[in-house]
Structure formats: C-alpha cells, structure tokens
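Chain and residue survey
These are the residues of each chain, in order.
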Amino acid sequence: MTREVAALKFILIPVKDLSRANERLASVLSKKQRTELAYVMLEDVFSAVANSKLADNKVIVTVDRKAEKMALQEGFDVIREENQLGESSSVDLAIQVCRKMGAKSVLVIPGDAPLVTGKDLDFVLEKEKKGKSVVLVPSEDELGTNAILRKPPDSIPSLFGNDSFRKHREEAERRYVPYEVYKNLNISIDIDKPEDIDTFSLYGSHTKTYKKLLDLGLIKKKPESRPTAAI
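Keep in mind the model is a prediction, meaning the values are calculated, not measured.

About the criteria used
Residues numbered from 1 in each chain as written. Predicted model: local features only at pLDDT ≥ 70, side-chain atom pairs only at ≥ 80, totals over all residues. Heavy atoms only, no water. Salt bridge = Lys/Arg side-chain N within 4 Å of Asp/Glu carboxyl O. Helix = DSSP H or I, 4+ residues; strand = E, 2+ residues; numbered from the N terminus. Buried < 20%, exposed > 50% of the residue type's maximum accessible area, 1.4 Å probe, protein only. Contact = heavy atoms within 4.5 Å.

1. Here's the deal with the pattern of salt bridges
The tally for this structure, following the rule as stated, stands at 18 salt bridges. Among the ionic pairs, Glu 43 bridges to Lys 208, the shortest N-O distance being 2.9 Å. A residue pair is termed long-range when its members are at least 10 positions apart, and Glu 43 in helix α1 (residues 31-50) and Lys 208 in helix α8 (residues 208-215) qualify at 165 residues. Taking the relative accessible area as the measure of exposure, Glu 43 reaches 32% and is therefore partly exposed. Exposure remark for Lys 208: the relative accessible area of 47% places this residue in the partly exposed category. Between Glu 82 and Arg 65 there is a salt bridge, and its shortest N-O distance comes to 3.5 Å.

2. Regarding helix α4 (residues 118-125)
Of all eight residues that make up α4, six are buried, and the element is covered over most of its length. Contacts from the buried residues of α4 go to β1 (9-15), α1, β4 (105-108), β5 (133-138), β6 (145-151) and α6 (185-188).

3. With respect to unusual backbone geometry
Of note, the bond from Lys 151 into Pro 152 is cis; its omega dihedral lies within 30 degrees of zero at -10°. In this structure, Pro 152 sits in the loop between β6 and α5 (164-174). Despite not being glycine, Asp 163 shows a phi value in the positive range, around 65°. Position of Asp 163 among the secondary structure elements: in the loop between β6 and α5. In this structure, Tyr 176 takes a positive phi of about 60° despite not being glycine. Here Tyr 176 is to be found in the loop between α5 and β7 (179-181). Overall, the relative accessible area of 74% leaves Tyr 176 in the exposed class.

The values are spatial; any link to function lies outside them.
Structure representation (structure tokens):
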C-alpha cells in the first residue's frame, strides 16, 4: 500500500520476517521468545519514528504481515514484499518507491534499535545538506550502519551486513559523494547478540523492550535507591 504525498524527507524502516528474527540470541531465548522480543523492539522504534518532527513521511518495507498491521496503525505507509529479500535489496527497492512518492532524501534505520527517540532521528535529519550527501551513524562496535541518510535516496547503494559502515564510507568516496559520520548512543545500541543486552540495560529502563527483557529474565530490575538516614 502506498499513497502519493508531496514530501521531501522520508524515514524508512526495513522489517524482515520477525518469526526468524534475532537468531544470534538463540543461546538465551527460544524461537517464540525471540519473535516476541522482536515485535516489542519494533514497537519502540515505531514510537520514535512517529515522534519525529522533521520527517515528512514514514514508511516500512516488509514481508511480515503483523509488522505491516502495526505500521498502518501508526499511520505509516507500507511497501509490501511478497518474498523475503536481503536487507540491502529490500531497502534499495523501497527507496525507488519512496522516490516515486516524492522523497528527496531517505533516512534508513533498523527495527532493532529500541533506544532511538524522535529527537535522535531529527538530529540526523537536521544534518542533511543542500546538495548530494550521505550521513552515517555507526553501530556501537562501528562495524554496522545503524542509520544512513542519503540525498538523493539512491546516491549510493545499500551495503548492509558485515562491515557495512566501512563499505558505505568507501562507496561514498568511490562515487565522490560527500559524507559525514555522527555518533549517537541511542541509535548505535541495537540488540542483536546476548552481550548487547547488558549494554542496553544500562540505558533502556524507559522502554517497552526493557520490560520485556525483565519478563524474559534476561535482566534484573535495578534496586531502588533508598534515602540515607540522617545522623
């Protein structure tokens, strides 16, 4: 489902089949639990996207029908896939649809970065330049790309996967597209591996994802501080 809109800045969230999500958490969660967690993380990301003040339109590309329903409830546009594609292929296909819908720039963010806020997304959108440009926000380990803003949307191809942060920089250089790198804590922390959970728990107590991790027993609630008795 798409609609014609007179918009310039788009946010795009690629969402794969979440019944197969978070496979690297298999050592600590069952398949059912991993899927439940994936949908809760997506709720947090959708909430942040909905709160962006600078995005003219919000879109997901997905083969997942539950994710599609969630997005429509938020008022997002949905680019429906019939078959599971790789992330880069899905994003590049969706970007061409976004261009037809009026997008002059597209910010791509993942659905498993539940710390992200509307202000974080607007922080990236504010970095857009007048001419051709790319803005990159790396993952915490600086191997992945957790946000990429491209103007025009297809100025460089998507190269998600192993070492994508380096690959995106090198592709921008190869094509003579100016690029900038910004670090943003909330965007950089995703939950992909068991060790990511401890890092997330330091910052994410306000999120639905945090509550879900508590329910799953993967983190322990921090004890409330008690006032010190006067002497």
